[in-house]
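# What the coordinates show
Given next are the chains, with one letter for each unit.
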Amino acid sequence: MAANFGLSLVFIAIMVASMQCHGTMAQTTHIVGDASGWTILNGGAAAYTTWASQQTFTVGDTLIFNFTNGQHDVAEVSAVAYGPCTSTNPISLTTTSPATLALTTPGTHYYICTFTSHCQIGQN
């Protein structure tokens, strides 16, 4: 569990660092998890950390979360809610796939699946 939390923090740090470079670059559409999509991956949070480390995120980019309707969702949550996987009062919640979310502000954005235990086992 501590390893998943540490890997999630790496994912966040990569997003923050790459979002600082939002000069004149073209807007990009990022398919979260590539072909695997937004699901429970064998590698857990490490799989999303690896994916994120290969991306450059900038304000104006779009994140697309592909998932099976009724089995997953995507919630943007606060930093306080992210660590313990708290899904109450999310900033936004999208229950239909594909979920298309725009990065409108610089900084760290936190995403989790609110289905029972999905976040805890790495869908964040």
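Structure first, text after, so check above.
What you see is a predicted model; the values in this text were computed from it and never measured. (Residues numbered from 1 in each chain as written. Predicted model: local features only at pLDDT ≥ 70, side-chain atom pairs only at ≥ 80, totals over all residues. Heavy atoms only, no water.)

Attention now goes to the environment of A75. Position of A75 among the secondary structure elements: in strand β3 (residues 74–77). For the pair A75 and T88, spaced 13 residues apart in sequence, the C-alpha to C-alpha distance is 9.8 Å. The residues contacting A75, other than those within four sequence positions of it, are P90, S92, L93, Y110, Y111, I112 and T114. (Helix = DSSP H or I, 4+ residues; strand = E, 2+ residues; numbered from the N terminus. Contact = heavy atoms within 4.5 Å.)

Reading across from one edge, β1-β2-β5 is the order of the 3 strands in this open sheet, with mixed pairing throughout. This sheet does not close on itself; its edge strands, each paired only once, are β1 (29–31) and β5 (99–102). The average angle at which neighbouring strand axes cross in this sheet is 20°, direction not considered. In this sheet, strand β2 (residues 62–65) lies alongside β1 in parallel orientation, the contact comprising 3 bridges. Bridge pairing links T29 to T62 in β2. (Pairing = 2+ DSSP bridges. Axes fitted to C-alpha atoms, helices over the stretch in contact; angles between N-to-C directions.)

In this section: the pairing of β2. Side-chain alternation along β2 places T62 and I64 on one buried face and L63 and F65 on a second face that is also buried. For the crossover from β1 across helix α2 (residues 45–53) to β2, the handedness is right-handed. Strand direction decides the pairing type here: β2 and β5, joined by 4 bridges, are antiparallel. In the sheet register, F65 faces β5, and the bridge partner there is A99. (Buried < 20%, exposed > 50% of the residue type's maximum accessible area, 1.4 Å probe, protein only. Right-handed = clockwise from strand over helix to strand, strands pointing away.)

On to the sheet that holds β3, then. An order of β4-β3-β6 is seen for the 3 strands of this open sheet, with the pairing classed as antiparallel. Sheet topology places β4 (92–94) and β6 (110–112) at the edges, where each strand pairs with a single neighbour. Within the sheet, the average angular offset between the axes of one strand and its neighbour, ignoring direction, is 20°. Note that β3 and β4 share 3 bridges and pair antiparallel. Bridge pairing in β4 places E76 opposite S92.

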